[in-house]
Structure formats: C-alpha cells, structure tokens
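Listed here are the chains, written in short residue letters.
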Amino acid sequence: MVELSRRGFLAAGVTAAAGAVLTACVGSGNSGSGSGGGNSNTITWWSSHPGKSTDVEKDLITRFQQANPSLTVQLVDGGKNYEEVAQKFNAALSGGALPDVVMLSDVWWFNFALIGAIAPLDDLFGKASVNTSDYVDSLYADYAWNNKHWALPYARSTPLFYYNKAVWQQAGLPDRGPTSWQEFDEWGPRLQDVVGSGKLAHGWGNATDYLGWTFQGPVRTFGGRYSDQFDLKFTEPGTIAAANYLRSSIHDKKYAAISNDIANDFGAGIIASTIASTGDLSGIAKNAKFDVGTAFLPAPNGPGCVTGGTGLAIPAKISDERKVNALKFIDFITNTDNTTYFSQKVGYMPVRKSALTSASTEQFLAKNPNFATAVNQLPKTTSQDYARVFVPGGDKIIGTGFEQIGLRNADVDSTMASVQSQIQQIIDRQITPKLPK
Ligand SMILES: O=P(O)(O)OC[C@H](O)CO
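It should be emphasised that the depicted structure is a prediction, and the values quoted were computed from it without experimental measurement. (Residues numbered from 1 in each chain as written. Predicted model: local features only at pLDDT ≥ 70, side-chain atom pairs only at ≥ 80, totals over all residues. Heavy atoms only, no water.)

Scanning the protein for helices and strands turns up 21 helices and 14 strands. Taking 2.2 N^0.38 as the reference for a compact globule, 437 residues should give roughly 22 Å; the C-alpha atoms of the protein span a radius of gyration of 21 Å, in line with that estimate. In the protein, buried positions account for 61% of the 437 residues. Across the protein, every contact between residues at least 6 apart in sequence was considered, and the portion connecting residues at least 24 apart equals 77%. (Helix = DSSP H or I, 4+ residues; strand = E, 2+ residues; numbered from the N terminus. Rg over C-alpha atoms; globule rule 2.2 N^0.38 Å. Buried < 20%, exposed > 50% of the residue type's maximum accessible area, 1.4 Å probe, protein only. Contact = heavy atoms within 4.5 Å.)

To continue, consider the confidence of the model for the protein. Per-residue confidence for the protein averages 92 on the pLDDT scale, and 91% of its residues sit at or above 70. Considering only residues more than four positions removed or in separate chains, one finds that residues 8-34, a stretch of pLDDT under 50, has 58 contacts. Interface confidence for the predicted complex, given as ipTM, is 0.99, next to a pTM of 0.92. (pLDDT = per-residue confidence, 0-100.)

The next subject is the pairing of strand S14 (residues 308-313). Across the six residues that make up S14, a large majority, six, are buried. As judged from the four bridges shared by strand S3 (residues 101-105) and S14, these two strands associate in the antiparallel manner. Bridge pairing in S14 links leucine 104 to glycine 311. Taken together, the five bridges between strand S6 (residues 152-157) and S14 define a ladder with antiparallel strand orientation. Paired with alanine 155 across the strands is threonine 310, a residue of S14. (Pairing = 2+ DSSP bridges.)

You can see threonine 274 is positioned in strand S12 (residues 273-277). The exposure class assigned to threonine 274 is buried, which follows from its relative accessible area of 0%. Side-chain polar atoms of threonine 274 contact the backbone oxygen of glycine 203, separated by 2.7 Å. Filtering out sequence-adjacent residues up to four positions away, threonine 274 remains in contact with Leu160, Phe161, Tyr162, His202, Gly203, Ile262 and Phe266. (Polar contact = N/O pair within 3.5 Å; in protein donor to acceptor, adjacent residues only side chain to side chain.)

Put into structure tokens, the structure is as follows:
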C-alpha cells in the first residue's frame, strides 16, 4: 500500500504558517519566557519522526530507559514535519511548557540559537560525559556558530539520485546515475520515450518537499550558489543557468515536472527518477515494485551535493539538571549501536565515526547497496549556503521560486531577483542587527 508523504499531507500550508510565526519571534528578539516547570526525571522529546521513524524512536526510548531506570522519556508528536516542530517550539517560547529535547532541522536551529532560545552545549558535554570527537566531523560542525555548538546530529541525510532500473534498461542507458546534469539532459528525452505520456522521466520536488535543498547541489555544478555567507548569489550567472536548466527540462524538453510527492510518485512508477532524501530510502524500497537504483548526485567539477536532515537541541530556559539529562539522552540515542540501528531501519546516515566503520555497518552496506550510496556520498558533500539554512523562511522562499519556474514557467531572471530581494530583507531586518558585533 502506498503511504502518505513523510512530509505530511497538510505540509504545504502549515509550512508557510510556521515561517511566518517564527519570523515574528526572531524579529521581536524574544528568547522566550516559557519554562513549563518540568520534571527532572522525565525527559520530554518533541519529534516529527523523520522517515516515519515513530516505532524506531520508541525502541530507542525503551533502550534508554532500560539503561537508565530512574529516567522516563515521553515522546511527543511535535508535528508532521520539521516546520511544524519549529512552530510548536516557537509557540512554547511565549510561555508554554518547554520540551527537554527538541528536534530542529538544518533550517531551524540557527534562528533559535540567534535569539538565545536553545542552550549552547559545550559546557554541558563534560557533565553528561559526551565524547563529541566520535561524531562525524562535518555533521558535528554543522551546528557550530559563535564558537559554540547548539545541537547534535541525529537524523542526518543527503539528497540521492533515485532511478528506475527497468526504465533505464529499456532506454539503453548504463546502470548508473548521470555524471552531469548536461548528460541527464541528453538522457531525459530517451527516458521520456520509454515511459510515454502520463508518466515522466524525472520529477523535481516541490517547495514543501524541499526543492530548495535538493536543487542546491545542481546549482553548484552550474557554477552557482545561493549565497557566500550572507552575500546573496541568486542573480549570478551560474545560479541563473541552473534555474534555466530546471525550466527547460520541464517546459522545453518536457521530460520532467514538479511532483507533489516525489517519494510516492517514484515508488509508484509515475516518475522514473528523482532527487530525494536518504531518509526516503526505506519507504521507497517498501513501495517500489521495480528495482530501485541510487546514485550520487552528479558532481563533475566539485561538490554537487549538500548534507541535510535534523539535529537535536535543548531549550535554554530549562534547569541545568534537565539539560544534563536531556544531553545524556541525545548522546545515548546517537551512540554507536543506536545510530546504527536508526540508520539501518530508516535510511538516515550513521552520525558516529565508530558506526560508519563498524562490522555491523559493513555487513549491512554490503547487503544493501542503496544504503551504501548514501554513506559513500557523505565525504563528497558540502555544507549548505546560509541563504537557505540561516535565514528564517529562506528555504520556503527559495523552493517557491523554483516551484514557480517549474509550475508556471515563471520568468527565471525576475523570479530569482525576487527570491534575492525577499531574503535580503529578512537578513537586513532580522539577522544583521542580532549578529554578535
Ligand atoms: O528530509 P530530510 O530529513 O532529509 O531533510 C531534508 C532537509 O535538510 C530539510 O531541511
């Protein structure tokens, strides 16, 4: 049975609302008055269960409680996706009960760090006996800002190129992903001839399915970027060239379209390829009735793929005792055994170096080559541009710009200029005044 999108059925509308609410909080400079009291023996964890991981998260909690009988963990459904969890956390900062552990994705943690709503973890690592040196360096470094760390990696992903091996074979293509987007542009019409009308060679995600994330790698291969730190690059030639490629694949060559649910459309055979998260792996493998191929994103001349996914953070306003217990819990559920378990059950990457090289991981990857694609691509990835991950609402603005080009054939130059001006306004009003001098 095909399942609903892991982003959540109502995700599009709610995401926009989440962006608006958080923007108001960041602008107000309010780091929150909520503390919610809380019981120091009960750890409340707000999660959106990425990759449909509710049952796996419950298993992790059981393991923690067995190892720590004096502590209880309460798993709270924080929403259907990262944006809803951020919205719920933002609301709690105004006086509601705060969680002990909150899931904050790549695009949310910085904003809460900037307003002082989440705790820097560095002073707590010793108290909770956390060995940070075992976290994969790049994933740990993703949460560094102002000489402190603000979260730890949990469900971390990269985009992958997924393809339908049967369609590839019928089109006479080699059993691999494209080496460049230019090569894929040649393959697209051949694949389209095979799938015929009503289906498509490729589906690009929509804004809710994080098109601003999955298209960041392709933009790099065209020589573009979203930004260099907070210096915006949406109107530079490379970024425009990438957006023109997106437009042309849909409106000129007609082998691609914006899909409203890339994982389900791919699994159902409606689109023969897509870029989706490693977190989609287990769901796609379950749904697809054909051989699924995965490949690195094309990267012919440098990085063509970024990291993503979510980390776990701790609210600043809870007691130190609660913070230490919360950190012990985060450390435990991301330890070697547990990050391995989570990764193998869901598809996200192991976040510990010891887990990447363990015998269990090696055996699993040997039997599951699609999971190996994700792990092997990790060293080739690069961190994301500030315009997407450090600007509140930036992801939505970027994804919506590309979506308009894809859905409505919107003019590329003016759309990208509009994206740039919307994001610049947020930087000027809400970020620059709050940056440390
Ligand atoms: O769906 P995920 O967990 O791979 O996350 C994708 C993006 O990084 C979310 O901003």
